[in-house]
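Residue strings, one per chain:
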Amino acid sequence: MMDPWARRLRHDIVKRAVWAARDLRSLEGAPSEGDVAALRRGLYDLRDEEGAAVTARSLWQRMRLEAPRNTPELDRFSEAIEEAYAAVDSLPAGLAAAVSALLRIEERFEELARSLDQHT
């Protein structure tokens, strides 16, 4: 059973960050303006628990403070968030790199969730 904090993290950040990347991972050719906007929204246009506009970075900073325990995977997840920002900020160039960086957020989340389960 997944830790409640991890479930919230998956819902509030991970799903939103990777949604468009999943759709675009097999795109060939140049991304459309809509594609680029969708990838950016996954990091820059989220909502917090009160419905206020928030970025993935700021929401993660808040959520990390509430993490049930400190594990090395928290740092790896933070790195994945920062790598995704760097890749998305370079769009429209480097679409494949941006998609990969966003999908890595999900991989790091899975590692983080497993690390929390191991300590319960």
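Our subject is the structure that appears above.
Residues numbered from 1 in each chain as written. Predicted model: local features only at pLDDT ≥ 70, side-chain atom pairs only at ≥ 80, totals over all residues. Heavy atoms only, no water.

**Brief notes about the overall build of the protein chain**
Part 1 of the reasoning: Within the protein chain one finds five helices and two strands.
Part 2 of the reasoning: Traced from its N-terminal end to its C-terminal end, the protein chain shows the element sequence α-α-β-β-α-α-α.
Part 3 of the reasoning: C-alpha atoms of the protein chain, sized along the principal axes, occupy 45 × 30 × 20 Å.
Part 4 of the reasoning: Total accessible area on the protein chain stands at roughly 6600 Å², and carbon and sulfur atoms take up 49% of it.
Part 5 of the reasoning: Charge-centre separation for the protein chain: the mean point of 18 positive side chains lies 2 Å from the mean point of 22 negative side chains. (Helix = DSSP H or I, 4+ residues; strand = E, 2+ residues; numbered from the N terminus. Areas by Shrake-Rupley, 256 points an atom, 1.4 Å probe, with all protein chains shown as cover. Lys, Arg positive; Asp, Glu negative; His and termini not counted. Charge placed at Lys NZ, Arg CZ, Asp CG, Glu CD.)

**Side note on the nonpolar core**
Part 1 of the reasoning: Counting residues in each nonpolar core, the largest one holds 41 residues, and the members touching the most others are W5, L9 and I105.
Part 2 of the reasoning: Every element with two or more residues in this core is listed here: α1 (4-24), α2 (33-44), α3 (56-65), α4 (72-89) and α5 (95-118).
Part 3 of the reasoning: A total of eleven residues in this core trace back to one element, the largest contributor, which is α5.
Part 4 of the reasoning: Setting aside chain neighbours within four positions, we find I105 in contact with V14, A17, V18, L43, F77, A80, I81 and A84. (Core = buried A, V, L, I, M, F, W, Y, C linked by side-chain atoms within 4.5 Å. Buried < 20%, exposed > 50% of the residue type's maximum accessible area, 1.4 Å probe, protein only. Contact = heavy atoms within 4.5 Å.)

**Structural notes on unusual backbone geometry**
What is expected of a backbone is that most residues other than glycine have negative phi and most peptide bonds are trans.
Part 1 of the reasoning: In this model, L91 is joined to P92 through a cis peptide bond whose omega is 15°.
Part 2 of the reasoning: By secondary structure assignment, the location of P92 is in the loop between α4 and α5.

**Observations concerning the side chain of R108**
Part 1 of the reasoning: Relative to the helices and strands, R108 resides in helix α5.
Part 2 of the reasoning: Taking relative accessible area as the criterion, R108 reaches 17% and is therefore assigned buried.
Part 3 of the reasoning: The residues contacting R108, other than those within four sequence positions of it, are R76, F77 and A80.

**Digging into the packing of aromatic side chains**
Part 1 of the reasoning: Evaluated as defined, the whole model comprises three aromatic pairs.
Part 2 of the reasoning: Measuring from centroid to centroid gives 5.0 Å for Y44 and Y85, while their planes differ by 90°, and the two rings are edge-to-face. Within this pair, whereas Y44 is found in helix α2, its partner Y85 is found in helix α4, the two being separated by 41 residues in sequence.
Part 3 of the reasoning: Positioned over the ring face of Y85 is R57, at 3.8 Å from the centre of the ring. (Phe/Tyr/Trp six-rings, centres within 6.5 Å; stacked < 30°, edge-to-face > 60°. Lys NZ or Arg CZ within 6 Å of the ring centre and 35° of its normal.)

**Structural notes on α2**
Part 1 of the reasoning: Counted at 1.5 Å a residue, the expected span for α2 with its twelve residues is 16 Å, and the 16 Å between its end C-alpha atoms agrees.
Part 2 of the reasoning: Listed as buried for α2 are D35, V36, L39, G42 and L43. On an axial view of α2, the arc spanned by its buried residues comes to 120°, and they lie on one face.
Part 3 of the reasoning: Here the buried face of α2 lies against α1, β1 (46-47), α3, α4 and α5. (Expected span 1.5 Å × (residues − 1). Arc of directions from axis to C-beta.)

**Looking at the pattern of salt bridges**
Part 1 of the reasoning: The tally for this structure, following the rule as stated, stands at twelve salt bridges.
Part 2 of the reasoning: The partner of R57 in a salt bridge is E82, and the shortest N-O contact between them spans 2.9 Å. On the criterion of sequence distance, the pair formed by R57 in helix α3 and E82 in helix α4 is long-range, its members being 25 residues apart.
Part 3 of the reasoning: Exposure remark for R57: the relative accessible area of 28% places this residue in the partly exposed category.
Part 4 of the reasoning: For R76, the salt bridge is made with E111, and the minimal N-O distance between the two is 3.1 Å. Of the two residues, R76 is situated in helix α4 and E111 in helix α5; the sequence distance between them amounts to 35 residues.
Part 5 of the reasoning: You can call R76 partly exposed: its relative accessible area is 35%.
Part 6 of the reasoning: Salt bridges here are not isolated pairs; linked through shared partners, they connect R76, E107, R108 and E111. (Salt bridge = Lys/Arg side-chain N within 4 Å of Asp/Glu carboxyl O.)

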